[in-house]
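# Coordinate inspection notes
For reference, the chains in residue letters:
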Amino acid sequence: MEKINKINRDVVTEIEKRGYLGKDEILLLVGSRQAGKTTILKLLRDKLEAEGVSNFFLNLEDPDYLRLLDQTPKNLLQIFPINLKKRSVVFVDEVQYLNDPTNFLKYFYDEYWGKIKLVVSGSSAFYLDRKFKDSLTGRKVILPVRTLSFRELLRFKGENALLELLPTGLTSDNYRLEEETSLSEREKIREYFIEFLTFGGYPRVVLSPFAEKPEILQELAYSYIKKDIHEANIRQDEVFYQLFKVLASQIGGLVNINELANTLGVSRKAVDNYLYVMQKSLHICLLRPFYRNMRKELRRMPKVYFYDLGLRNFFVNEFKSPLTRFDRGQLLENAVFRQLAERAGMLVGDKLKYWRIQGGAEVDFVWEESQAFEVKFSTRLFRGKKYKPFLKSYPEIKFNIASLEEVDGVGYPVWKPWWL
């Protein structure tokens, strides 16, 4: 864990860039368990320590602290010697364990504005509507903490030199940068990307030997998702896991809730609730369709993607190299989704969509109505005529191909997925 503490995360850079620690709004870091929220809080605390800023750290997995704060939020001032004559930052880890976390946060914002700044982490249980109420409107900034992105994986591997080779934007010229990298550099990046496709980005998994990665993913899946189930008051945990397996087998596919309910033998309402919990836990995303033509373009069923491919591969029980797998196209499409989702922050549903018409023509991703991405493991599989309906309807949207294996002459910009 000490090794992880020294490795910066992109969300920490964003917090510094936007000056969130110096603002009075409550800073909420929400995400799945073991994605690194506690480590991020400690990184932020170390930065404040270096600047001489008064701060305190509270982990609510400690039952004594939890009991005191459940009695009344005021007990925080009994736990720590906070000097109210100057501004202090209080880090609260695992805030979802409080009986009423919203009331706790609202109390300190309203009563000690400008004196006590709260930086808080919470898992899905806090972010579920049962505990997370609108009374915090205007008082908070929410940032997602997902498992490591591919860029962060390179940083955790100590490959900062490779990281510096990757473009940072979605400009149309990025694909040309391949000419500026050596063959050995490209091969090394490719090897790490294959690892990312296989084992995902949980920090513990990334830093573990290959032989131990599947076992750690199993522990994460059963131990921590079980906590999500418990805190969401879900009774049928076996059905919840079965739904994970079904979704994992159809990443990039349309989600028909009625079919899922029939397959699992539960009500549509139950499936809706399970999907809601999975999304709030930042395990899956249900991507909505992009449409303007109400008559021709599909606008109902979402497509499903996992935020962590290691978790997805655990649920299909497959950790072989993507280069030899039948689902390699799905894996690559999910990886492209994940990298685009990183750029969208909390606004994935607003910035990123897919396109499909009733005849079956489809484009994998539409980014902010400005760029479109079709994902093919090899550009040999690309058939330009399939995309003519989209290109005719939206000539102003720049069309790109994301592919690991490129063949000359496809007629459109070809992006390596790790360059998105």
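You'll find the structure just up there.
On a predicted model such as this, the values are computed, not experimentally measured, just so you know.

## With respect to the overall build of the chain
The helix and strand inventory of the chain stands at 19 helices and twelve strands. C-alpha atoms of the chain, sized along the principal axes, occupy 70 × 55 × 45 Å. Taking all 420 residues of the chain together, the buried fraction comes to 54%. On the chain, roughly 19,200 Å² of surface is accessible, and the fraction owed to carbon and sulfur atoms is 47%.

## Observations regarding the pattern of salt bridges
Scanning the entire structure with this criterion turns up 27 salt bridges. A salt bridge links arginine 268 to aspartate 272, with the shortest nitrogen-to-oxygen separation between them at 3.8 Å. Taken together, the residues span about one helical turn, with arginine 268 and aspartate 272 both in helix α15 (residues 268-280) at a distance of four residues. Its relative accessible area of 34% is what places aspartate 272 among the partly exposed residues. Between arginine 292 and glutamate 396 there is a salt bridge whose closest N-O contact spans 3.0 Å. Highlighted residues: arginine 292 in the loop between β6 (284-287) and β7 (303-306) and glutamate 396 in the loop between α19 (388-393) and β11 (398-402), separated in sequence by 104 residues. Judged by its relative accessible area of 42%, arginine 292 falls in the partly exposed class. Here the residues in one salt-bridge network are Lys303, Glu333, Arg356, Glu362 and Asp364, joined through shared partners.

## Observations regarding the nonpolar core
With 44 residues, the main nonpolar core has Phe150, Phe193, Phe337, Val348 and Phe365 as its most contacted residues. Among the elements of the structure, α8 (150-156), α9 (160-163), α10 (183-199), β6, α17 (328-344), β9 (362-367) and β10 (371-375) are those that each provide at least two residues to this core. Broken down by element, this core gets its largest block of residues, eight residues, from α17.

## Concerning the packing of helix α13 (residues 237-248) against α15
At a closest axis distance of 11 Å, the pairing of α13 and α15 adopts a crossing angle of 70 degrees. In this view, α13 runs roughly perpendicular relative to α15, as classed from their interaxial angle. On the side of α13, the interface is formed by Val239, Phe240, Leu243, Phe244 and Leu247, while α15 contributes Tyr274, Leu275, Val277 and Met278. For the contact of α13 with α15, the residue count by class is nine nonpolar, no polar and no charged.

## Here we look at the side chain of serine 403
Among the secondary structure elements, serine 403 is positioned in the loop between β11 and β12 (414-415). Within the structure, serine 403 has its side chain in polar contact with the backbone oxygen of glutamate 405 (distance 2.9 Å). Not counting chain neighbours up to four residues away, the residues in contact with serine 403 comprise Leu332, Lys376, Phe377, Ser378, Thr379, Val414, Trp415, Lys416 and Pro417.

## Brief notes about the environment of phenylalanine 306
With respect to the helices and strands, phenylalanine 306 occurs in strand β7. Spatially, the C-alpha atom of phenylalanine 306 lies 26 Å from that of isoleucine 397, the residues being 91 residues apart in sequence. Excluding residues that lie within four positions of it along the chain, phenylalanine 306 makes contacts with Phe244, Leu247, Ala248, Ile251, His283, Ile284, Arg312, Phe315, Asn334 and Phe337.

## Side note on α13
Counted at 1.5 Å a residue, the expected span for α13 with its twelve residues is 16 Å, and the 17 Å between its end C-alpha atoms agrees. Listing the buried residues of α13 in full gives Val239, Phe240, Tyr241, Leu243, Phe244, Leu247 and Ala248.

## Here's the deal with the packing of aromatic side chains
This model, assessed by the stated rule, comprises 33 aromatic pairs. Centre to centre, the rings of phenylalanine 150 and phenylalanine 196 are 5.8 Å apart; their planes meet at 55 degrees, and the pair counts as tilted. Here phenylalanine 150 is found in helix α8, whereas its partner phenylalanine 196 is found in helix α10, with 46 residues between them in sequence. What makes phenylalanine 150 buried here is its relative accessible area of 1%.

## Side note on the sheet that holds β10
Spatial ordering of the open sheet is given by β8-β9-β10-β11-β12, a layout of five strands whose pairing is mixed. This sheet does not close on itself; its edge strands, each paired only once, are β8 (352-356) and β12. Of the strand pairs in this sheet, β8 and β9 are connected by four bridges, and their pairing is antiparallel. Paired with arginine 356 across the strands is glutamate 362, a residue of β9.

## Observations regarding the side chain of threonine 147
One can find threonine 147 in the loop between β5 (140-145) and α8. Threonine 147 gets classed as buried once you look at its relative accessible area, which sits at 4%. A polar side-chain atom of threonine 147 sits 2.8 Å from a polar atom in the side chain of aspartate 308. With sequence-adjacent residues up to four places away left out, threonine 147 is seen in contact with Arg9, Ser32, Ala35, Glu152, Gly201, Tyr202, Tyr307, Asp308 and Arg338.

## Comments concerning the environment of glutamate 406
On the secondary structure map, glutamate 406 appears in the loop between β11 and β12. Distance from glutamate 406 to lysine 416, taken between C-alpha atoms, is 8.7 Å for residues ten residues apart in sequence.

## Looking at the pairing of β10
A large share of β10 lies buried, amounting to five of its five residues. The alternating pattern of β10 places Gln371, Phe373 and Val375 and Ala372 and Glu374 on opposite faces, both of which are buried. Linkage of β9 to β10, two consecutive antiparallel strands, is achieved through a turn of three residues, within which glutamate 368 is found at a positive phi near 50 degrees. Of the strand pairs in this sheet, β10 and β11 are connected by five bridges, and their pairing is parallel.

Conventions and cut-offs
Residues numbered from 1 in each chain as written. Predicted model: local features only at pLDDT ≥ 70, side-chain atom pairs only at ≥ 80, totals over all residues. Heavy atoms only, no water. Helix = DSSP H or I, 4+ residues; strand = E, 2+ residues; numbered from the N terminus. Buried < 20%, exposed > 50% of the residue type's maximum accessible area, 1.4 Å probe, protein only. Areas by Shrake-Rupley, 256 points an atom, 1.4 Å probe, with all protein chains shown as cover. Salt bridge = Lys/Arg side-chain N within 4 Å of Asp/Glu carboxyl O. Core = buried A, V, L, I, M, F, W, Y, C linked by side-chain atoms within 4.5 Å. Axes fitted to C-alpha atoms, helices over the stretch in contact; angles between N-to-C directions. Parallel < 35°, antiparallel > 145°, perpendicular 65-115°, else oblique. Contact = heavy atoms within 4.5 Å. Nonpolar A, V, L, I, M, F, W, Y, C, P; charged D, E, K, R; others polar. Polar contact = N/O pair within 3.5 Å; in protein donor to acceptor, adjacent residues only side chain to side chain. Expected span 1.5 Å × (residues − 1). Phe/Tyr/Trp six-rings, centres within 6.5 Å; stacked < 30°, edge-to-face > 60°. Pairing = 2+ DSSP bridges.

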